[in-house]
Amino acid sequence: MPHNPAEIWHKVALSRDPNTISATLHDDCVFESPVVHTPQMGKAITSQYLAAAGFTLGNDSFRYVGEWHRENSAILEFTAEIDGIKINGIDMISCDDDGLITHFKVMVRPLKAVNMLHQKMGEMLEKMKGG
């Protein structure tokens, strides 16, 4: 049965809870980040990255401003501002027929925002590890 990944994601987006996010992910989910050079494989690492993104981006300025849908896939455009830097990006999400997210790709612009997010996401992931 086809699903809308946008609906699945909106229920947990910015929850900041890896367990809540993990419940929406397929065991073999693939995560692609604008700041990590290789795809990240598996539910555990994907849920950590998405939770860290919730902490990093999830302020009062974060908004989803557009959505495009196909069967079992969606693109969600977002905007946010951190430390005076405006961020524009998209989440490209695919799911399987069981409604579990199988692929989550994030793209961000401009370069200044990518560089800042790289630093802040790294700091957040270390903090979440307890490091």
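The structure reproduced in this document is the subject of the present report. (Residues numbered from 1 in each chain as written. Predicted model: local features only at pLDDT ≥ 70, side-chain atom pairs only at ≥ 80, totals over all residues. Heavy atoms only, no water.)

1. What about the packing of aromatic side chains?
Taken as a whole, this structure holds six aromatic pairs when the rule is applied. A centroid spacing of 6.4 Å and a plane angle of 85 degrees characterise the contact between Y64 and F78, whose relative ring orientation is edge-to-face. Taken together, the residues Y64 in strand β3 (residues 63-70) and F78 in strand β4 (residues 73-82) connect sequence positions 14 residues apart. Each member of the aromatic cluster is reached from another via a ring pair, and the members are W9, F31, Y49 and F104. (Phe/Tyr/Trp six-rings, centres within 6.5 Å; stacked < 30°, edge-to-face > 60°. Helix = DSSP H or I, 4+ residues; strand = E, 2+ residues; numbered from the N terminus.)

2. Here we look at the pattern of salt bridges
One pass over the full model with this rule turns up three salt bridges. A salt bridge links D27 to K43, with the nearest nitrogen and oxygen atoms 3.3 Å apart. In this pair, D27 is assigned in strand β1 (residues 25-32) and K43 in helix α3 (residues 43-57), connecting sequence segments 16 residues apart. Given the relative accessible area of 54%, D27 is considered exposed. Close ionic contact of D83 with K120 constitutes a salt bridge, the shortest N to O distance being 3.0 Å. With D83 in the loop between β4 and β5 (85-95) and K120 in helix α4 (residues 111-129), the pair connects residues that are 37 residues apart, well separated along the chain. (Salt bridge = Lys/Arg side-chain N within 4 Å of Asp/Glu carboxyl O. Buried < 20%, exposed > 50% of the residue type's maximum accessible area, 1.4 Å probe, protein only.)

3. A short note on empty space enclosed by the protein
Scanning the model with the defined rule gives one cavity of 30 Å³ or more in all. In this model, the largest cavity occupies a volume close to 250 Å³. When contributions to the lining of the largest cavity are tallied by element, the ones reaching two or more residues are α3, β6 (101-109) and α4. Grouping the constituent residues of the lining of the largest cavity by class yields 18 nonpolar, two polar and one charged. (1 Å grid on protein atoms, 1.4 Å probe; cavity = no way out; pocket = protein on both sides within 12 Å on 5 of 7 lines; lining within 4 Å. Points joined across faces, edges and corners; volume = space filled by probe spheres on them. Nonpolar A, V, L, I, M, F, W, Y, C, P; charged D, E, K, R; others polar.)

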